[in-house]
Amino acid sequence: MKANIKKIAVLTSGGDAPGMNAAVRAVVRSSVYYNLDVYGIYKGYDGLINGDIEQLQVRSVSNILSRGGTFLLSARSDEFRTKEGRAKAYKNFKANDLDALVVIGGDGSFTGADVFSQEYDVPVLGIPGTIDNDLAGTDFTIGYDTACNTATEAIDKIRDTASSHERLFFVEVMGRDAGFIAVNSGISGGAVAMLLPEHNWGIDDLIRRLQRGASSEKASNIVIVAEGCKLGSAYDIAAKVKTQLDYFDIRVTVLGHLQRGGSPTTSDRVLASRLGVAAVEGLLNGQSNVMVGVVNSNVVYTPINEAVKTIKKIDAEEFRIAKILSI
Ligand code: F6P
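Only a predicted model underlies this, so the values are computations on that prediction, with no experimental measurement involved.

1. Here's the deal with the side chain of Asp268
Consideration 1: Within the secondary structure, Asp268 sits in helix α9 (residues 266-284).
Consideration 2: Buried charged residue Asp268 carries no salt bridge. Nearest counter-charge: Arg269, at 8.5 Å.
Consideration 3: Excluding residues within four positions of it along the chain, Asp268 makes contact with Pro18, Thr141, Ile142, Gly143, Tyr144, Asp145 and Thr146.

This is the structure we're talking about:
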């Protein structure tokens, strides 16, 4: 082990994601395994600014593996975006004799981590925890698989009622500016179309698909709308479609925050466990200002700014398959 690290702190930041608890558990237990002291920071960066920090032990993280949310609590800290806020955070970091910081979160949290690490030369290691799956440097982020499963389950239920009434549903899923949840849940839920932020299509293709389905007696239609879709919200798009295809009985469902909750899937628990251990081992091996991810089944470390700035692309092959199957 290269780096002289004795005390590690861990926080969860930004939108919570199922599997964050599993990641905290892995950071705590692997730290103890390597004879390090480990501290939990509550409420994300706000906790670092306000000194809301306590030492965690092996048993502090018992029975959290299966729980959604984050027992460390989370926040989107406005104060940490300011120089003054980060100065207070560093004061507490030093006052607690901390040597390194593990940040579990998404792109906003990592942008803050990157600035903090450079301003104060603090070793920071990021673990990707967001349902959006929008970080480069990892095939999957913690929480994404669970969110997709939740969305699929909801779409299946909507399908039951949509078929019974021969209706057209627009289902809006989360993902901020990325369409990963939309594509995945769209394929698994048999959607007729997925409208993504990544595509600049007009509404014509959707209209054609719906007309084609109607002419071949398609009983129910589900269109997935990613929240960042440039055509507007699910409600906006439903209204536009209604003006052109008035024979459809249309309903809209916005899945919203239910996609953020629930017990993490096996995949998310395993990913979180793997990344938590790799984060601690990375710090001990001298990694700093990087995000740990899994690419093609291998653990990789990517500079944090690269993970945030590189736009992760939707798999074109997945999208092609979806188009073939939704005729
Ligand atoms: O980043 C996770 C996410 O759930 C996005 O998909 C969504 O756009 C956003 O957070 C919602 O944020 P909030 O919980 O602050 O409303």
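Anyway, onward from the coordinates.
2. As for a nonpolar patch on the surface
Consideration 1: On the surface, Ile321, Ile324 and Leu325 cluster together into a nonpolar patch covering about 290 Å² of accessible area.
Consideration 2: Take Leu325: it is sitting in helix α11 (residues 316-325).
Consideration 3: For Leu325, a relative accessible area of 64% translates into the label exposed.

3. Let's talk about the sheet that holds strand β8 (residues 221-226)
Consideration 1: Read across the open sheet, the four strands follow the order β7-β8-β6-β9; overall the sheet is parallel. This sheet does not close on itself; its edge strands, each paired only once, are β7 (193-195) and β9 (250-254). Here the strands of the sheet are splayed against their neighbours by 20° on average, with no regard to which way each runs.
Consideration 2: Along the sheet face, helix α8 (residues 234-244) touches β6 (168-173), β7, β8 and β9 and points at about 170° away from the line of β9.

4. Describing the nonpolar core
Consideration 1: Residues Val102, Ile127 and Ile224 are the most contacted members of the largest nonpolar core, which totals 63 residues.
Consideration 2: Of the residues that make up this core, three or more belong to each of domain 1 (7-143 + 264-309) and domain 2 (145-260).
Consideration 3: Apart from residues no more than four positions distant in its own chain, Ile224 is found in contact with Ile155, Val171, Val173, Ala182, Ser185, Gly186, Ala191, Ala193, Met194 and Leu195.
Consideration 4: Ranked by size, the runner-up nonpolar core spans 23 residues in total, among them Tyr45, Leu101, Val124 and Ile304.

5. Some details on the UniProt feature "binding site: ADP" (unreviewed entry) in the protein
Consideration 1: Under the present numbering, the feature "binding site: ADP" (unreviewed entry) in UniProt falls on Arg25, Ala26, Val27, Val28, Arg29, Arg159, Lys218, Ala219 and Ser220. Separation in sequence by 196 residues is matched in space for these annotated residues, since their most distant C-alpha atoms are 52.7 Å apart.
Consideration 2: Considering the arrangement of structural elements, one finds Val27 in helix α1 (residues 20-33).
Consideration 3: Classification of Val27 by relative accessible area gives buried; the value is 0%.
Consideration 4: Ignoring any residue separated from it by four or fewer positions in sequence, one finds Val27 in contact with Val10, Val102, Ile127, Gly276 and Val280.
Consideration 5: Judged by relative accessible area, Arg159 falls into the buried class, the value being 18%.
Consideration 6: Residues contacting Arg159, with those up to four places away along its chain left out, are Gly189, Gly190, Ala191, Ser220, Asn221 and Ile222.

6. Some details on the packing of helix α6 (residues 180-188) against α11
Consideration 1: The N-to-C vectors of α6 and α11 enclose an angle of 35°; their axes lie 10 Å apart at closest approach. Handedness of the α6/α11 crossing: left-handed. Seen from α6, the contacting residues are Val183, Asn184 and Ile187; seen from α11, they are Glu318, Phe319 and Ala322.
Consideration 2: Along the lines of polarity and charge, the residues of the contact of α6 with α11 split into four nonpolar, one polar and one charged.

Reading guide: rules and limits
- Residues numbered from 1 in each chain as written.
- Predicted model: local features only at pLDDT ≥ 70, side-chain atom pairs only at ≥ 80, totals over all residues.
- Heavy atoms only, no water.
- Helix = DSSP H or I, 4+ residues; strand = E, 2+ residues; numbered from the N terminus.
- Buried < 20%, exposed > 50% of the residue type's maximum accessible area, 1.4 Å probe, protein only.
- Lys, Arg positive; Asp, Glu negative; His and termini not counted.
- Salt bridge = Lys/Arg side-chain N within 4 Å of Asp/Glu carboxyl O.
- Contact = heavy atoms within 4.5 Å.
- Patch = residues over 30% accessible without salt bridge, like charges linked within 9 Å, V, L, I, M, F, W, Y side chains within 5 Å.
- Areas by Shrake-Rupley, 256 points an atom, 1.4 Å probe, with all protein chains shown as cover.
- Pairing = 2+ DSSP bridges.
- Axes fitted to C-alpha atoms, helices over the stretch in contact; angles between N-to-C directions.
- Core = buried A, V, L, I, M, F, W, Y, C linked by side-chain atoms within 4.5 Å.
- Domains from an automatic or database assignment.
- UniProt positions renumbered as here; feature names shortened; annotations may be inferred.
- Left-handed = near helix turned anticlockwise from the far one by under 90°.
- Nonpolar A, V, L, I, M, F, W, Y, C, P; charged D, E, K, R; others polar.

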